[in-house]
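Coordinate analysis (summary)
Residues per chain are reported as follows:
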Amino acid sequence: MWDAETYDAVSSIQEAWGRKVVEWRIWRGSETVMDAGCGTGRLTKLLAQKVPAGTVYAVDIDHNMIKVAARNLKDAGNVKFIESDISTASLPTKVDVIFSNAAIHWILDHRKLFENFWQLLDDKGEIMIQCGGHGNLEKIISILDEIRKRDEFKPFFTSWRESWYFAKPQDTSRLLQDIGFKSVNAHLMEDSATFADRNSFALFAKTVVLKPYLALLPDQQKDRFLKLFLDEIETRHKSMCWVMDYVRLNIRAIK
Ligand SMILES: C[S@@+](CC[C@H](N)C(=O)[O-])C[C@H]1O[C@@H](n2cnc3c(N)ncnc32)[C@H](O)[C@@H]1O
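Everything numeric in this text was worked out from a predicted model, so none of it was measured. (Residues numbered from 1 in each chain as written. Predicted model: local features only at pLDDT ≥ 70, side-chain atom pairs only at ≥ 80, totals over all residues. Heavy atoms only, no water.)

1. Regarding the packing of helix H6 (residues 138-148) against helix H10 (residues 219-236)
Packed helices, taken two at a time, are described by their axes: the angle between them and the distance between them. Selection rule: Note on method: axes are straight lines fitted to C-alpha atoms, helices fitted across the in-contact stretch only, with angles between N-to-C directions ranging 0 to 180 degrees. Secondary structure elements are taken from DSSP: a helix is a run of H or I of four residues or more, a strand is a run of E of two residues or more, and numbering for both begins at the N terminus. Oblique is the label for any angle not covered by the other classes, which are roughly parallel (under 35 degrees), roughly antiparallel (over 145) and roughly perpendicular (65 to 115). Working rule for handedness: look at the near helix, and if it is turned counterclockwise from the far one by less than a right angle, call the crossing left-handed; if clockwise, right-handed. The contact definition used throughout considers only heavy atoms, calling two residues in contact when any of these lie within 4.5 Å. The nonpolar class holds Ala, Val, Leu, Ile, Met, Phe, Trp, Tyr, Cys and Pro. Asp, Glu, Lys and Arg form the charged class, and all remaining residues, Gly among them, are polar.
Orientation of H6 relative to H10, taken along the N-to-C sense of each, is 125°, at an axis distance of 10 Å. As judged from the angle between their axes, H6 and H10 are oblique. Pair H6 / H10 crosses with right-handed handedness. Within the contact between the two elements, H6 uses Ile 140, Ile 143, Leu 144, Glu 146, Ile 147 and Arg 148 and H10 uses Phe 225, Leu 228, Phe 229, Glu 232, Ile 233 and Arg 236. Grouping the amino acids of the contact of H6 with H10 by side-chain chemistry returns 8 nonpolar, no polar and 4 charged.

2. Details of the site of the ligand
Keep this limit in mind: Put simply, a residue is near a molecule or strand once any heavy atom of it comes within 4 Å of that molecule or strand. Counting of polar contacts relies on pairs of N or O atoms within 3.5 Å, with two restrictions inside protein: one atom must be capable of donating a hydrogen and the other of accepting it, and residues adjacent in sequence are counted only when both atoms are side-chain atoms. Accessible surface is estimated by sampling points in the Shrake-Rupley manner with a 1.4 Å probe; for residues, cover comes only from the protein chains shown. We place a 1 Å grid over just the protein atoms. Points where a 1.4 Å probe fits but has no way out form a cavity, open points with protein on both sides within 12 Å along at least 5 of 7 lines form a pocket, and any residue with an atom within 4 Å of a point lines it. Those molecules having more than half of their atoms within 2 Å of a cavity or pocket grid point set are described as sitting in that cavity or pocket.
The ligand sits among 19 residues. The nearest are Tyr 7, Gly 37, Asp 60, Asp 85 and Asn 101. At a separation of 2.6 Å, an oxygen atom of the ligand approaches a polar side-chain atom of Asp 60. Asn 101 places a polar main-chain atom, nitrogen or oxygen, 2.8 Å from a nitrogen atom of the ligand. In isolation the ligand offers 590 Å² of accessible surface; the protein chains occlude 95% of this area. Comparing atom positions with the cavity grids shows the ligand to sit within the largest pocket.

3. Here's the deal with the side chain of Glu 126
The line we're drawing: For every residue, the accessible area (1.4 Å probe, protein chains only) is compared with the maximum for its type, and the residue is labelled buried under 20%, exposed over 50%, or partly exposed between those bounds.
Among the secondary structure elements, Glu 126 is positioned in strand S5 (residues 121-132). Accessibility expressed as a relative area gives 4% for Glu 126, which makes it buried. Polar contacts involving the side chain of Glu 126 include one to the side chain of Arg 252, which spans 2.5 Å. The contacts of Glu 126, once residues within four sequence positions are left out, are Arg 25, Asp 96, Val 97, Ile 98, Leu 121, Arg 252, Ala 253 and Ile 254.

4. Considerations on the layout of surface pockets
Put simply, the rule is: Grid points are joined across faces, edges and corners, and a volume is the space filled by probe spheres set on the points.
Taken as a whole, the largest pocket holds about 1100 Å³ of empty space. Lining the largest pocket are 50 residues; nearest its centre among them are Trp 2, Ile 61, Ala 103, Trp 106 and Ile 107. Counting only elements with at least two residues in the lining of the largest pocket, the list comes to helix H2 (12-22), helix H3 (42-50), strand S2 (55-60), strand S4 (95-101), helix H8 (198-209) and helix H9 (211-214). Examining the composition of the lining of the largest pocket, we find that 3 residues originate from one element, H2, more than from any other. Residue composition of the lining of the largest pocket, grouped by class: 25 nonpolar, 13 polar and 12 charged. If you add up the space inside the second largest pocket, you get close to 310 Å³. Lining the second largest pocket are 13 residues, with Asp 3, Lys 206, Thr 207, Lys 211 and Leu 214 positioned closest to its centre. Of all the elements in the fold, those that place two or more residues in the lining of the second largest pocket are H8, H9 and H10. Residue composition of the lining of the second largest pocket, grouped by class: 6 nonpolar, 2 polar and 5 charged.

5. A word on the environment of Ser 239
For Ser 239, the position within the fold is in the loop between H10 and strand S8 (243-244). Residue Ser 239 is classed as exposed on the basis of its relative accessible area of 66%. Sequence separation between Ser 239 and Ala 167 is 72 residues; the distance between their C-alpha atoms is 26 Å.

6. Examining the side chain of Asp 62
Where we set the bar: For this count, His and the chain ends are skipped, Lys and Arg are scored as positive, and Asp and Glu as negative. Salt bridges, as used here, are contacts in which a Lys or Arg side-chain nitrogen is within 4 Å of a carboxyl oxygen on Asp or Glu.
Looking at the secondary structure, you find Asp 62 in the loop between S2 and helix H4 (63-72). This buried residue, Asp 62, is left without a salt bridge; Lys 211 holds the nearest opposite charge, at 5.5 Å. Within the structure, Asp 62 has its side chain in polar contact with the backbone nitrogen of Trp 2 (distance 2.9 Å). For Asp 62, the side chain forms a polar contact with the main-chain nitrogen of Met 65, separated by 3.0 Å. Apart from the residues within four sequence positions on either side, Asp 62 is in contact with Met 1 and Trp 2.

7. Quick look at the pattern of salt bridges
What the rule picks out here adds up to 20 salt bridges. Ionic pairing is found between Glu 15 and Arg 19, a salt bridge with its closest N-O pair at 2.9 Å. Separated by 4 residues within a single helix, Glu 15 and Arg 19 lie in helix H2, roughly one turn from each other. Salt bridges sharing partners connect three or more residues here, namely Arg 25, Glu 31, Glu 126 and Arg 252.

8. Topic: H8
Taken residue by residue, H8 has Phe 201, Ala 202, Phe 204, Ala 205, Thr 207, Val 208 and Val 209 as its buried positions. Looking at the packing, one finds that the buried side of H8 touches helix H1 (4-10), H2, H6, H9, H10 and S8.

9. Brief notes about the nonpolar core
Soluble globular proteins: nonpolar side chains tend toward being buried together. We count it as follows: Here the nonpolar core consists of buried residues drawn from Ala, Val, Leu, Ile, Met, Phe, Trp, Tyr and Cys, with membership extended through side-chain atoms lying within 4.5 Å.
Ranked by internal contacts, the top residues of the largest apolar core, which has 41 residues, are Ile 140, Val 209, Phe 225, Phe 229 and Met 244. Once residues within four sequence positions are removed from consideration, Val 209 is found in contact with Leu 137, Ile 140, Leu 144, Trp 164, Phe 204, Met 244 and Tyr 246. Ile 98, Leu 113, Phe 181 and Ala 253 belong to the second-largest nonpolar core, a separate cluster that totals 29 residues.

Below, the structure is given as C-alpha cells:
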C-alpha cells in the first residue's frame with residue numbers, strides 16, 4: 001500500500017512530467033479518457049479540465065491512492081474512480097485516450113498490460129504514456145542493492161524480486177506493433193531530479209523509490225536502511241547529493 005497522503009505532498013516532480021504528456025494532444029474537450037495508475041489524482045484533475053464535456057476514468061490498484069484521489073476531486077463531476085489493476089481492468093465504455101504517468105514500470109508484464117489497453121480503446125484511440133525507461137535510477141538502484149545485500153539485511157530480502165520493468169524503447173515499439181498499434185513512437189529522455197537537501201530527498205525516497213525495499217523490512221530496520229542509504233550518498237557518492245537519476249520512456253501510439 002502507498003502512503004498516499006505523503007505521495008500527494010511530494011509528487012510535484014511526477015506532476016510536472018505528466019503535465020507535459022497531457023500537452024502532447026490537441027484536446028477536443030469531449031473525449032473519454034482513462035488515467036491508468038492515477039495515484040492521488042493530481043494529473044486526473046488536469047485531464048478532467050481538458051475534457052469538460054467528456055469523462056475521465058481514474059483507475060488505480062491501491063486503495064489509499066484511490067481514496068485520496070476521490071477526496072481531492074470530489075468537486076469534479078466528470079471523473080469516475082475505479083480501484084483495479086490496469087492490466088485486467090474493464091471500463092463502462094470504450095475510451096478515446098489512455099493516459100498514464102509514472103505508473104506502468106511498476107507492472108512487469110507489459111504484453112498483458114498493452115493487450116488490455118487495446119481492448120479498452122475505441123477504434124483510433126490513442127495511448128499517451130510516460131514511465132521509467134531503460135537506465136532509470138541506475139545509480140540509485142546500485143547503491144540500494146549494495147545495501148540490501150549486506151549481512152544485516154540479507155535475511156529480509158530472501159523473497160526479493162525486481163519490482164520494476166524499465167523497458168527499452170525498441171522493445172516497447174516492437175511489442176506495440178505486434179499487438180496492432182500504429183504510429184508507434186517510443187523514446188527515452190534523461191530527466192534527473194535534484195532535491196534541495198537531505199531531508200526533502202529522504203522523504204521523497206522513502207515514499208516512492210525505496211517503497212519496494214522498505215516493504216520487506218520491520219519498522220526499526222526501515223529507518224536504519226534509509227539512514228545507511230543517505231549516508232552512503234553523502235560519503236561515497238557525493239555527486240548524487242541529492243539527485244534521482246531519472247530516465248523516462250515516452251510512449252505514443254494509435255489503435
Ligand atoms: C508513482 S505513482 C504515479 C501516480 C500518478 N500517475 C502520478 O503521476 O502522480 C504510481 C501509481 O501506479 C499505481 N499502480 C501500480 N501498479 C498498478 C496496477 N497494476 N494497476 C493500477 N495501478 C497501479 C500505484 O498504485 C500508484 O498509484
